[in-house]
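Residue-level structure breakdown
Next come the chains, spelled out residue by residue.
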There are 2 protein chains.
Amino acid sequence: MKLSQLDTPVLLIEEDSFLRNMKRMQELATNAGIAYRPHAKAHKSAEIAKMQKGAGAVGVCCAKLGEAEVLVSHEIKDILITTPVIGISKLTRMMQIAKEATISVVVDNADNLAEMAAVAQTCGVRPDVVIEVDVGQGRCGVQPGDPALQLAYEVMNADWLNFKGLQGYQGAIQMTASFVERNAAARKAVGLLTDTADLIRKAGLPLEYLTGGGSGTSVIDAASAGLTELQPGGYLFMDSRYREIEWDDGNSIPFEQSLTVLASVISLPEPGRCILDMGLKAISSDGGPPSPVDVPGAVFKFGGEEHSELTFEDGKCPLALNDKVAFVPTHCDTTVNLYDRFIAYSDDEVVDVWSIAARGRVQ
Amino acid sequence: MKLSQLDTPVLLIEEDSFLRNMKRMQELATNAGIAYRPHAKAHKSAEIAKMQKGAGAVGVCCAKLGEAEVLVSHEIKDILITTPVIGISKLTRMMQIAKEATISVVVDNADNLAEMAAVAQTCGVRPDVVIEVDVGQGRCGVQPGDPALQLAYEVMNADWLNFKGLQGYQGAIQMTASFVERNAAARKAVGLLTDTADLIRKAGLPLEYLTGGGSGTSVIDAASAGLTELQPGGYLFMDSRYREIEWDDGNSIPFEQSLTVLASVISLPEPGRCILDMGLKAISSDGGPPSPVDVPGAVFKFGGEEHSELTFEDGKCPLALNDKVAFVPTHCDTTVNLYDRFIAYSDDEVVDVWSIAARGRVQ
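Within each chain, residues carry numbers counting from 1 in the order of the written sequence. Written order determines the labels here, with chains lettered from A and ligands numbered from 1. A pLDDT threshold of at least 70 governs which residues receive local features in this predicted model, and a stricter bar of 80 or more applies before side-chain atom pairs are shown or counted, although totals over entire chains, interfaces and linings include all residues.

Helix numbering and strand numbering both begin at the N terminus, where a helix is a DSSP run of H or I of at least 4 residues and a strand a DSSP run of E of at least 2. Scanning chain A from terminus to terminus reveals 9 helices and 17 strands. Relative to its length of 363 residues, chain A is compact, with a C-alpha radius of gyration of 22 Å against a globular reference of 21 Å. Each principal axis of the C-alpha distribution contributes one length, and for chain A these read about 75 × 45 × 35 Å. Burial in this document is a count-based property: other C-beta atoms within 10 Å of a residue's C-beta are tallied, and the residue is buried at 20 or more, exposed at 12 or fewer, or partly exposed in between, with C-beta positions derived from the backbone. For chain A, buried positions account for 56% of its 363 residues. Each radius of gyration is computed over the set of C-alpha atoms, and the globule rule expresses the reference value as 2.2 Å times the number of residues to the power 0.38.

And the structure:
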């Protein structure tokens with residue numbers, strides 16, 4: 001089947017660049033001697049998680065328990081949940097999957113820890129606990145240094161929890177365009193994490209595992225030898241914001257744009273303007289407007305939830321009714337979350353369909 | 001089950017205000033002698049479409065063919081598709097549901113019309129065609145007057161298509177806050193449609209059906225006696241943008257806020273700041289940031305796809321870990337499209353669950 005035969009809007013992956021992206025990140029981690037645990041929040045797909053495992057991943061990350069439940073049911077058996085899991089209901093759900101998979105979870109709060117230990121005992125499972133340290137993002141996490149040490153003691157004292165290590169993720173700098181700035185910020189973040197790890201080790205607690213990093217800082221994290229595990233997600237797909245960053249000294253990012261949304265022209269209301277079938281429900285807007293591929297001179301505008309518009313300043317729209325236009329999203333994760341499947345293609349031919357089985361699993 | 005026992009983030013409907021909203025719009029249409037055909041793009045739910053039918057709706061609108069397919073499979077048998085359906089693949093899909101339901105579709109292009117007629121003949125069905133007229137929005141639609149008449153002739157000349165009438169929707173003015181401004185713009189839009197209808201009737205073509213209007217202009221459309229059918233969608237739910245408009249002279253909008261997203265506090269990283277489990281994947285941002293309900297002094301900020309943050313200027317966060325906070329979306333339609341079900345409640349008790357079966361049906 002040709003791409004032009006697909007009903008639209010449709011979420012596409014160019015398979016060759018996608019697979020090259022996967023290989024590049026795996027090699028970056030392997031060459032640095034760091035474990036590769038890609039973040040499944042970006043793709044929410046069991047098929048892709050399995051490909052990542054096949055490419056050498058030790059497991060995957062999930063942002064939410066609901067994503068982890070879906071992946072465990074599809075035989076993904078080593079998952080780190082990178083957001084706190086709070087309350088008896090969710091903790092009980094977590095223990096259920098911890099009976100059939102290796103589940104680690106981040107913690108930044110002593111009350112959550114105590115409740116988790118109690119639920120673990122009730123359920124008779126012993127999850128791995130990773131202390132989340134705020135290394136500069138100012139979101140979740142205990143502060144580096146003594147607060148992290150105190151929480152580590154609490155984990156060690158909880159009979160039904162294993163102390164696995166620390167997580168430090170500085171999401172705010174992943175898209176900092178300047179390599180010099182991103183490098184300084186990323187090294188500072190990793191430094192806060194390794195200093196905290198040293199403090200915990202000096203106190204006599206066992207600590208090997210330092211997880212974190214994202215697609216934007218992965219090259220820095222690999223070089224700075226602080227983290228033992230990398231958590232990149234968006235590198236598989238890229239988006240127009242990621243693609244703009246300077247990778248390292250003078251180089252552009254080596255990951256290719258594999259993800260696009262294909263839309264169709266559904267109306268030609270006047271010369272110089274066409275309407276497409278892709279609105280806010282078909283491509284995300286939180287990162288800004290998407291970019292049309294190979295339509296020189298086109299100016300994009302959302303036309304509400306169901307439509308968008310391309311206008312041409314010369315008054316000549318080169319597109320005909322039902323012509324297809326591919327768009328690069330500004331934010332891959334939130335665009336993927338709008339769809340139930342990826343259509344993988346190569347050379348204009350559909351080659352595979354991958355379910356986004358964990359789409360919408362926000363709980 | 002109490003709301004506080006639900007895992008979050010979760011999409012809630014306060015059932016009593018929701019039902020009052022439904023009744024108010026039905027009465028507004030009935031009192032004006034206008035048909036009530038609510039837009040299912042807002043809720044994408046067969047259960048709600050059936051309730052609307054029960055409340056007197058003649059049928060529903062769908063924005064996309066895929067929504068219509070889902071609703072037809074759930075026994076909703078009278079649907080107007082308000083966006084052009086383009087290309088042989090989609091037209092063939094449309095004829096399949098037109099075999100088991102009354103399907104009307106908008107058209108604004110002669111090539112689309114010719115292709116539709118050919119596919120209709122092949123499939124042996126005769127869909128109803130509604131000419132979309134651009135009454136000021138500048139999106140899809142033929143221009144009012146002679147261009148609409150010429151397309152009406154083409155529909156009349158197509159053996160396998162029924163000419164049903166005209167659609168004119170001015171989406172850009174639905175949220176114009178000032179009643180005076182919205183009233184003037186809405187009457188202008190309806191005037192363009194009724195003038196076009198008069199022209200078509202004078203040419204000897206049969207024309208009874210004029211459909212359009214939205215939640216914001218419904219009170220004006222009902223009073224101006226131009227449309228024969230109203231297409232409101234968001235009135236069921238409301239959102240913070242709709243709630244701000246002046247309804248008619250001096251009155252605020254009579255529809256109540258029935259839709260919220262309930263989130264939980266998952267981290268208390270420092271005094272005066274808490275993190276919730278609701279990010280860009282759990283409430284839409286295209287209309288701006290959502291508003292927390294009953295949390296005085298809280299300042300909201302998105303914290304990426306999975307988190308958000310409330311800060312308190314006095315440095316005192318009144319919320320504890322796992323406390324629940326309800327949020328009013330700025331855009332109900334795009335928020336609903338993130339979820340697979342509504343949880344309906346009354347007095348803090350869950351009373352029903354309605355599937356959002358057409359979620360994500362963008363094709």
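The subject of this paragraph is the sheet that holds strand β5 (residues 102–107) of chain B. Residue and element names in this part refer to chain B. Pairing in this open sheet of 8 strands is parallel, and the strands run β2-β9-β8-β7-β6-β5-β4-β3 from one edge to the other. On the outer flanks of this sheet lie β2 (35–36) and β3 (60–62), each paired with one strand and no other. C-beta atoms are placed from the backbone for every residue, and two residues are taken to be in contact when these atoms lie within 7 Å. Here the axes come from fitting lines to C-alpha atoms, over the contacting stretch only for helices, and the angles between their N-to-C directions go from 0 to 180 degrees. Across the sheet, helix α3 (residues 65–73) lies against β3, β4 (78–81) and β5, angled at about 175° from β4, the strand it touches most. Pairing between strands requires that DSSP locate at least two bridges from one strand to the other.

This brings us to the relation of the copies chain B and chain A. With an axial shift of 0.0 Å and an RMSD of 0.0 Å, the rotation relating chain B to chain A amounts to 180°. Look at the turn and shift together and you get a two-fold axis relating the two. Taken together, the interface assignments show that 100% of the residues at the interface of chain B recur at the interface of chain A, consistent with an identical surface on both copies. Least-squares superposition of the copies uses the C-alpha atoms of those residues scoring a pLDDT of at least 70 in each of them.

Turning next to the pairing of strand β7 (residues 162–168) of chain A. Each regular strand displays side chains that alternate between the two surfaces of the sheet. Residue and element names in this part refer to chain A. Of all 7 residues in β7, 6 are buried, a share of seventy percent or more. Whether a crossover is right-handed depends on one test, that the path from the first strand over the helix to the second runs clockwise when the strands point away from the viewer. The parallel pair strand β6 (residues 128–132) and β7, bridged by helix α6 (residues 146–157), forms a crossover whose chirality is right-handed. Pairing of β7 with strand β8 (residues 209–212), which is carried by 4 bridges, proceeds in the parallel orientation. Bridge pairing links Gly168 to Gly212 in β8. With helix α7 (residues 179–202) bridging β7 and the parallel β8, this β-α-β connection has right-handed handedness.

Residues and elements named next belong to chain A. Examined bridge by bridge, strand β3 (residues 60–62) and strand β4 (residues 78–81) share 3 bridges and lie parallel to one another. For Val60, the partnering residue across the bridge sits in β4 and is Ile79. Taking the sense of rotation as the criterion, the β-α-β connection linking β3, helix α3 (residues 65–73) and β4 turns out right-handed. In the sheet, β4 pairs with strand β5 (residues 102–107) via 4 bridges, with the strands oriented parallel.

A separate point is the interface of chain B and chain A. Contact residues are listed per partner, giving 48 residues for chain B and 48 residues for chain A. Elements that contribute at least two residues to the side of chain B that touches chain A include exactly α4 (88–98), α5 (110–123), β10 (259–270) and α10 (332–336) of chain B. Ranked by residue count, the leading element in the side of chain B that touches chain A is β10(B), at 5 residues. For this classification, Asp, Glu, Lys and Arg are treated as charged, while Ala, Val, Leu, Ile, Met, Phe, Trp, Tyr, Cys and Pro are nonpolar and the rest, including Gly, are polar. In the side of chain B that touches chain A, the residues fall into 15 nonpolar, 19 polar and 14 charged.

Let us look at the packing of helix α6 (residues 146–157) of chain B against helix α7 (residues 179–202) of chain B. Residue and element names in this part refer to chain B. Direction vectors running N to C along α6 and α7 enclose 50°, while the axes themselves pass 9 Å from each other. Here α7 runs oblique to α6, going by the angle between their axes. As α6 runs across α7, the sense of the crossing is right-handed. Contacts between α6 and α7 involve Ala148, Leu149 and Ala152 from the first element and Thr196, Leu199 and Ile200 from the second. Across the contact of α6 with α7, the residue classes tally to 5 nonpolar, 1 polar and no charged. The labels follow the angle: roughly parallel below 35 degrees, roughly antiparallel above 145, roughly perpendicular from 65 to 115, and oblique for the rest. Definitions for this section: a left-handed crossing has its near helix turned counterclockwise from the far helix by less than a right angle. A right-handed crossing has that turn clockwise.

Here we take up the sheet that holds strand β2 (residues 35–36) of chain A. All names here are of chain A. If you trace the 8 strands from one edge of the open sheet to the other, you get β2-β9-β8-β7-β6-β5-β4-β3, paired in parallel fashion. With partners counted over all chains shown, the strands left at the sheet margins are β2 and β3, one partner each. For β6 and β7, the ladder comprises 5 bridges, and the chain directions are parallel. In the sheet register, Asp128 faces β7, and the bridge partner there is Asn162.

Let us now look at the environment of A:Val299. Examined against the element boundaries, A:Val299 turns out to sit in strand β13 (residues 298–302). Those residues in contact with A:Val299 that lie beyond four places of it in its chain are A:Leu310 and A:Thr311.

Residues and elements named next belong to chain A. In this structure, Ser224 sits in helix α8 (residues 218–224). For Ser224, a count of 18 C-beta atoms within 10 Å corresponds to the partly exposed category. In this structure, the C-alpha to C-alpha distance between Ser224 and Ala186, residues 38 residues apart in sequence, is 9.1 Å. Apart from residues lying up to four places away in sequence, Ser224 is in contact with Arg187 and Val190.

To define a nonpolar core, we join buried Ala, Val, Leu, Ile, Met, Phe, Trp, Tyr and Cys residues through C-beta atoms within 7 Å and take the resulting set. Among the nonpolar cores identified, the biggest contains 220 residues, and A:Leu71 and B:Leu71 are the most heavily contacted of them. In contact with A:Leu71, not counting residues within four places along its chain, are A:Ala40, A:Ala46, A:Ala49, A:Val60, A:Cys62, A:Ile76, A:Ile79 and A:Ala358.

With that settled, consider the domain arrangement of chain A. Residues and elements named next belong to chain A. The assigned domain composition of chain A is domain 1 (3–10 + 255–355) and domain 2 (17–236). Computed from C-alpha atoms alone, the centre-to-centre distance between domain 1 and domain 2 is 34 Å. Each partner contributes residues to the interface: domain 1 has 10 residues there, and domain 2 has 16 residues. Per-element accounting of the side of domain 1 that touches domain 2 gives the leading share, 3 residues, to helix α9 (residues 332–336). Split into classes, the residues belonging to the side of domain 1 that touches domain 2 amount to 5 nonpolar, 3 polar and 2 charged. What fixes the domain bounds is an automatic or database domain assignment.

Across residues other than glycine, the phi torsion is negative in most instances, and most of the peptide bonds are trans. Residue A:Pro9 follows A:Thr8 across a cis peptide bond; omega there is -5°. By secondary structure assignment, the location of A:Pro9 is in the segment before β1 (10–14). For B:Lys44, which is not a glycine, the phi torsion comes out positive at approximately 55°. Within the secondary structure, B:Lys44 is located in the loop between β2 and α2 (46–54). Despite not being glycine, B:Met238 shows a phi value in the positive range, around 65°.

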